Amino acid sequence: MCAIVVCCGQLPDAFAKPRRITVPQIVVVPRPWPPLVTVSVTVGAGSSRDPDGQEGLALLTAESSLRGAGDRDREALQAAFDALGASVQADADKLAVSWRADVVADRLDGLVALLADVVQRPRFELAEVEKVRGLQRADLDHLRDDDASLALEAMGRYLWRGTRLGRPTVGTPESLAKLGADAVRQWHQRHVTAATVRIGFAGPIDANRARALVQTHFSGLRAGTALPDLPAPRPEAAGRRLLLVDQPRRSQAQVVLALPVAPPGHKDAVALQVANVVLGGTFTSRLVHDLREQRGWSYHVWSALGTGPGVQVLQAGFGPELADVGPAIDLATRIVEELRQTGITAKELRFAKDHLQGAHRLALESADRELAERMRGALLGLPADELDTFARRVEAVDAKAILRALQTHLPTQHLVAVVVGPAAALRDKLGALRAQFAVEEMPADGRPEATTGQGAAVANLPALQPEAPPPSDDDDAGDEFEGPAEEGAPEAVPDEAGSPDEPADAVVEPAVPGPSGAPPRRGSSAKPAQSGQPKKTRESAKPGKSAKPVKGMHK
């Protein structure tokens, strides 16, 4: 596994006067076989930079760019890609606008020439932009009928309300009504420069050829300076709160629980990834075992670390029938609390390490998936050797470090929940939760970011007392979930939640995930890497590889 980063322009020093950059950065992942090349282009300006009232602009710009570029209108441009036998897609998430294309190696020159037109010279004809805007409106309509996606979307907008991360990537009906070709052209003029563009190649190609292709075809990029870093917002800790999103005539609910944790690049990030595997990241995890296997309360059960600009969110989700919603939330809350209080067992630690290391190797097995990880890591501002050192850093984590990370970064008294289902049937059940959430209701087409968290939020809660699980035919069924009772298990570590986190190293460009990321959807960039997770759509975050758009962190 070896990647080459070609810095064809000097990257700006965080403390120096901004310098004008004339050539984009290039990332190359050389592999001799198969004879297929992937080209990835990112502009480090995603939907988190959409102006207030213009939510959806970055995504509208990305998708409109493929509807005509250079001398070709939409039909001619599509015909040119088809003639090469190439596949191409455009997308946007919180971090970036991106394009990805694949082609057989001997047709690479033609593909790069077409992509260069798309990135540098999109036509943005009024009629085509209007068609794309109509598709985004249709996405919003679809979202309201997809309860699992709606829960993730509502969680992101509710958790980050009042901040740039709370803006929906796909936009809102009100914001889309204001967007048009002029706004798209202004976005492109403002953000697409040599300083913001990064170009990646994966396959049978070396750094010299990659550099020559970029110099030949991307010479039209304007010089520019790096965009200023945006502050990484954190939600205000305000006790346990639950947002009930009303979807009448449902027999099942969708539930998402979430807590912000240490940002990507933090010294405890790997420990939290290991803990996530134990919590709900595989089919043998605690949540899956207790909610699905033992009780049959939900077919899909998952947890994941959703990664965004300067933040990570630990999320868990499941879809119980209405009668089981209250018990399922109480049990899931207790499992999260127990994980924080007691950490993981030696057996769980070894399993989680093996799982992460194996999944990491699998994620980098193909050149295009490794390129996606490296491009994503660069957007997040992670070190260049993040992928190369990941397995070693996982192996170095011990149970005591995991317990300390959980007690520092998992304030369960501020757990946030979103439940999508019929409010009339769920209102009393949620009000009687042993886990004690302040409940607020809203319609499915409401605005989660405008909520105020009405009701007295519950903080400084005593831990829920464990309940004996139902009898199991598996004699070893409890081994993974009974806390550190076996030899070599971690001892309790004093709660360090009040101690300040060590800040992550300063990075050139904030942006989304490494070996485990956020729940996927369209318009982001990472795919679920863990099993037992529901399929997502456009707006949310979860475990992931990053070969394909994920919708994630909420998109």
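Residues numbered from 1 in each chain as written. Predicted model: local features only at pLDDT ≥ 70, side-chain atom pairs only at ≥ 80, totals over all residues. Heavy atoms only, no water.

(A) Here's a closer look at the overall build of the chain. When you go through the chain residue by residue, the secondary structure sums to 16 helices and 14 strands. Restricting to contacts in the chain with at least 6 residues of sequence separation, those with at least 24 account for 81%. Total accessible area on the chain stands at roughly 21900 Å², and carbon and sulfur atoms take up 51% of it. (Helix = DSSP H or I, 4+ residues; strand = E, 2+ residues; numbered from the N terminus. Contact = heavy atoms within 4.5 Å. Areas by Shrake-Rupley, 256 points an atom, 1.4 Å probe, with all protein chains shown as cover.)

(B) Up close: the pattern of salt bridges. A full pass over the atoms with the stated rule returns 28 salt bridges. Among the ionic pairs, Arg100 bridges to Asp102, the shortest N-O distance being 3.3 Å. We note that Arg100, like Asp102, is buried. The shortest N-O distance in the salt bridge between Glu386 and Arg393 comes to 3.2 Å. Judged by relative accessible area, which is 16%, Glu386 ranks as buried. Each of Arg67, Arg74, Glu75, Glu128 and Lys131 takes part in one network of salt bridges that share partners. (Salt bridge = Lys/Arg side-chain N within 4 Å of Asp/Glu carboxyl O. Buried < 20%, exposed > 50% of the residue type's maximum accessible area, 1.4 Å probe, protein only.)

(C) Spatial organisation of the packing of helix H11 (residues 325–342) against helix H15 (residues 399–409). Where H11 contacts H15, the two axes come as close as 7 Å, and the packing angle between them is 125°. When the axis of H11 is compared with that of H15, the two are oblique. Between H11 and H15, the residues in contact are Leu339, Arg340, Gln341 and Thr342 and Leu403, Leu406 and Gln407, respectively. Taken together, the residues of the contact of H11 with H15 sort by class into 3 nonpolar, 3 polar and 1 charged. (Axes fitted to C-alpha atoms, helices over the stretch in contact; angles between N-to-C directions. Parallel < 35°, antiparallel > 145°, perpendicular 65-115°, else oblique. Nonpolar A, V, L, I, M, F, W, Y, C, P; charged D, E, K, R; others polar.)

(D) Main features of helix H13 (residues 367–380). Here H13 contains 14 residues, and its C-alpha end-to-end distance of 20 Å stays within 8% of the 20 Å for a straight helix at 1.5 Å per residue. Counting buried positions along H13 yields 12 of 14 residues, so the element is predominantly enclosed. Taken together, the buried positions of H13 are Ala367, Arg369, Glu370, Leu371, Ala372, Glu373, Arg374, Met375, Arg376, Gly377, Leu379 and Leu380. Its buried side turned inward, H13 meets strand S2 (25–30), strand S3 (36–43), strand S8 (197–203), strand S11 (301–308), helix H12 (346–363) and helix H14 (386–396). Phi for Gly381, located one or two positions after H13, is positive at around 80°. (Expected span 1.5 Å × (residues − 1).)

(E) Here's a closer look at the environment of Phe201. For Phe201, the position within the fold is in strand S8. With a relative accessible area of 0%, Phe201 lands in the buried category. In this structure Phe201 touches Ile26, Val27, Val28, Val29, Thr38, Val39, Val112, Ala210, Leu213, Val214 and Leu371, once residues within four positions along its chain are discounted.

(F) The arrangement of the nonpolar core in detail. Within the largest apolar cluster, 56 residues are counted, with the highest numbers of intra-cluster contacts made by Val39, Trp99, Phe201 and Phe218. It is helix H3 (residues 108–120) that contributes the most residues to this core, 8 residues altogether. Counting residues in each nonpolar core, the second largest holds 55 residues, with Leu272, Leu339, Ala352 and Leu356 among its members. (Core = buried A, V, L, I, M, F, W, Y, C linked by side-chain atoms within 4.5 Å.)

(G) Highlighting the sheet that holds S11. Strand order across the open sheet formed by 6 strands is S11-S12-S10-S13-S9-S14, with mixed pairing between neighbours. Here the strands that pair on one side only, and so sit at the sheet edges, are S11 and strand S14 (438–443). Neighbour-to-neighbour, the strand axes of the sheet open up by a mean angle of 20°, direction not taken into account. Relative to S14, strand S9 (residues 241–246) runs parallel, the two being bridged by 6 bridges. Note that in S14 the partner of Arg241 across the bridge is Ala438. Most of the contacts of helix H10 (residues 286–294) go to S11, to which it runs at about 145°, and overall it touches S11 and strand S12 (311–318). (Pairing = 2+ DSSP bridges.)

(H) Expanded view of the packing of aromatic side chains. Applying the stated criterion to the full structure yields 0 aromatic pairs. Looking at Arg161, its charged tip hangs above the ring of Tyr158, at a distance of 4.3 Å from the centre. Seen from the ring of Trp297, Arg295 lies directly overhead, with NZ or CZ sitting 5.6 Å from the centre. (Phe/Tyr/Trp six-rings, centres within 6.5 Å; stacked < 30°, edge-to-face > 60°. Lys NZ or Arg CZ within 6 Å of the ring centre and 35° of its normal.)

(I) Quick peek at the confidence of the model for the chain. On average, residues of the chain score 81 in pLDDT, and 77% of them reach the 70 mark or higher. Below a pLDDT of 50 lies the segment residues 7–15, which in the model reaches 14 contacts outside its immediate sequence neighbourhood of four places, other chains included. Counting contacts from residues 470–555, a segment whose pLDDT is below 50, to residues more than four positions away or on other chains yields 312 contacts. (pLDDT = per-residue confidence, 0-100.)

(J) Structural context of the pairing of strand S7 (residues 97–104). Burial analysis of S7 places 7 of its 8 residues in the buried class, the great majority of the element. Hairpin connection, strand S6 (residues 87–92) to S7: the antiparallel pair is bridged by 4 residues.

(K) Highlighting the side chain of His300. Considering the arrangement of structural elements, one finds His300 in the loop between H10 and S11. Looking at His300, its side chain comes within polar contact range of the side chain of Gln254, at 3.1 Å. (Polar contact = N/O pair within 3.5 Å; in protein donor to acceptor, adjacent residues only side chain to side chain.)

(L) Structural context of the packing of H10 against H11. The contact between H10 and H11 brings their axes to 10 Å, and the two run at 155°. Accordingly, the angle class assigned to the pair H10 and H11 is roughly antiparallel. When you trace H10 past H11, the crossing you get is right-handed. In this structure, H10 contributes Arg286, Leu287, Asp290 and Leu291 to the contact, and H11 contributes Ala328, Leu331, Ala332, Ile335 and Leu339. (Left-handed = near helix turned anticlockwise from the far one by under 90°.)

(M) Main features of the environment of Thr451. Within the element layout of this structure, Thr451 appears in the segment after S14. Look at Thr451 and you get buried, because its relative accessible area is 11%. When the C-alpha atoms of Thr451 and Glu440 are compared, they prove to be 8.2 Å apart, with 11 residues separating the residues in sequence. When residues no more than four places from it in sequence are discounted, the contact partners of Thr451 are Tyr158, Arg161, Leu243, Glu440 and Met442.

(N) Just the environment of Lys131, in detail. Topologically, Lys131 is positioned in helix H4 (residues 126–145). Once the C-alpha coordinates of Lys131 and Ser64 are considered, the two residues, 67 residues apart in sequence, prove to be 8.7 Å apart. If near-sequence neighbours (up to four positions away) are discounted, Lys131 is found in contact with Arg67 and Arg74.

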